Amino acid sequence: MPLIKLDAIDSTNDFLKQLAKEKWLENYTAVMAFEQTKGRGQMGSEWVSESGKNLTVSVLVKDVPAEMVSIYDFNVAVALAAIALLKWNGIEKVNVKWPNDIMAEQKKVGGILIENTLKSDGTFTAVVGFGLNLNQTDFEQLPQANSLTNITQQVYDVEAMAKDFIKALKVHLILFPERAEEAWMRYDELLFKRGKPAAFEFANGTRFMGIIQKVTREGKLAVLLNDDSVVYYDLKEVKLLY
């Protein structure tokens, strides 16, 4: 699995997408950068990371058969791969904050950005961007964030963590079709604030309370409201607050 290492780049996702347009790339080709100047998260949010201290990697996954792994199945597999990486490194209190934040001990340590390209033959190709706070210790301006080193008091090898994430991603995607039900159950169990009162915000800034029930196979969040109705929200409709 080729791993391209860059000192600095605006966005590893953008770099890998452009590279894939210019030349043939092996499946699971990855790009990592020690500094990313324009990192992006879900819905255009900015991913902020100290230079050289954290993991910023993007992985090309080619020709995924949609009849075996749907778009949101793919998201679940990626999230579980990220969780597996944390577990391999002794982090036990982990969650997924819908849609794609990775939490450890109630704080955000990572984020996923998946960009898909659908093809006429029924397959899709994805660029999987993953950022993980490894060795950064100062989060004064980001009170809801944390890093692995703050949790474990260990120092992490950024390149080794990139390679381990790629391995975890490959394993979870290969095994997903035969373990889909198990994977979805695991994903629901890991949902941040599942079964507990949580605050949400609409795009217009209006807030409301609800209780997360699950995520549907279409990627919508099922929320129990005060009137005992269950409403299904798309990720563009609402934001789960910390």
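Fair warning: this is a prediction, and the values are worked out from it, not measured in the lab.

Digging into the side chain of S147
(1) Moving on: Structurally, S147 is set in the loop between β7 (123-132) and α3 (148-152).
(2) Moving on: Since its relative accessible area comes to 0%, S147 is described here as buried.
(3) Moving on: Engagement of the side chain of S147 in a polar contact is seen with the backbone nitrogen of N150, the distance being 3.3 Å.
(4) Moving on: Here S147 is in contact with V109, N133, L134, Q136 and F139, once residues within four sequence places are set aside.

A word on the pattern of salt bridges
(1) Moving on: Counted under the stated rule, the structure contains 11 salt bridges.
(2) Moving on: Linked through salt bridges whose partners overlap, the residues forming this network are K5, E159 and K163.

Notes on the environment of I174
(1) Moving on: The residue I174 is located in helix α4 (residues 158-175) in this model.
(2) Moving on: Accessibility expressed as a relative area gives 54% for I174, which makes it exposed.
(3) Moving on: Each C-alpha atom of the pair I174 and A77 lies 9.4 Å from the other, and the pair is 97 residues apart in sequence.

A short note on the nonpolar core
When a protein is soluble and globular, its nonpolar side chains tend to lie buried together.
(1) Moving on: Residues F74, F130, L132, F165, L169 and Y187 are the most contacted members of the largest nonpolar core, which totals 66 residues.
(2) Moving on: Contacts of L169, omitting those with residues within four sequence positions, involve Y28, V59, V61, V78, A81 and V128.
(3) Moving on: With 9 residues, the next largest nonpolar core counts L6, L25, L60 and V127 among its residues.

Some words on the packing of aromatic side chains
Centre distance and the angle of the planes are the two values used to describe a pair of aromatic rings.
(1) Moving on: Under the definition given, this model contains 9 aromatic pairs.
(2) Moving on: Measuring from centroid to centroid gives 5.5 Å for F74 and F124, while their planes differ by 80 degrees, and the two rings are edge-to-face. Here F124 lies in strand β7 and F74 lies in helix α2 (residues 71-88), a separation of 50 residues in the sequence. In this pair, the class of F74 matches that of F124, namely buried.
(3) Moving on: Through a chain of ring-to-ring contacts, the aromatic side chains of F200, F202, F208 and Y233 assemble into a single cluster.
(4) Moving on: Looking at K97, its charged tip hangs above the ring of Y242, at a distance of 4.4 Å from the centre.

Some remarks on the packing of α2 against α4
(1) Moving on: At a minimum axis separation of 8 Å, α2 and α4 run at an interaxial angle of 135 degrees. It follows from the interaxial angle that α2 and α4 lie oblique. In this structure, α2 crosses over α4, and the sense of that crossing is right-handed. Facing F74, A77, V78, L80, A81, A82, A84, L85 and W88 of α2, the residues of α4 in contact are M161, D164, F165, A168, L169, H172 and L173.
(2) Moving on: A class-by-class count of the residues in the contact of α2 with α4 yields 14 nonpolar, 1 polar and 1 charged.

Procedures and definitions
Residues numbered from 1 in each chain as written. Predicted model: local features only at pLDDT ≥ 70, side-chain atom pairs only at ≥ 80, totals over all residues. Heavy atoms only, no water. Helix = DSSP H or I, 4+ residues; strand = E, 2+ residues; numbered from the N terminus. Buried < 20%, exposed > 50% of the residue type's maximum accessible area, 1.4 Å probe, protein only. Polar contact = N/O pair within 3.5 Å; in protein donor to acceptor, adjacent residues only side chain to side chain. Contact = heavy atoms within 4.5 Å. Salt bridge = Lys/Arg side-chain N within 4 Å of Asp/Glu carboxyl O. Core = buried A, V, L, I, M, F, W, Y, C linked by side-chain atoms within 4.5 Å. Phe/Tyr/Trp six-rings, centres within 6.5 Å; stacked < 30°, edge-to-face > 60°. Lys NZ or Arg CZ within 6 Å of the ring centre and 35° of its normal. Axes fitted to C-alpha atoms, helices over the stretch in contact; angles between N-to-C directions. Parallel < 35°, antiparallel > 145°, perpendicular 65-115°, else oblique. Left-handed = near helix turned anticlockwise from the far one by under 90°. Nonpolar A, V, L, I, M, F, W, Y, C, P; charged D, E, K, R; others polar.

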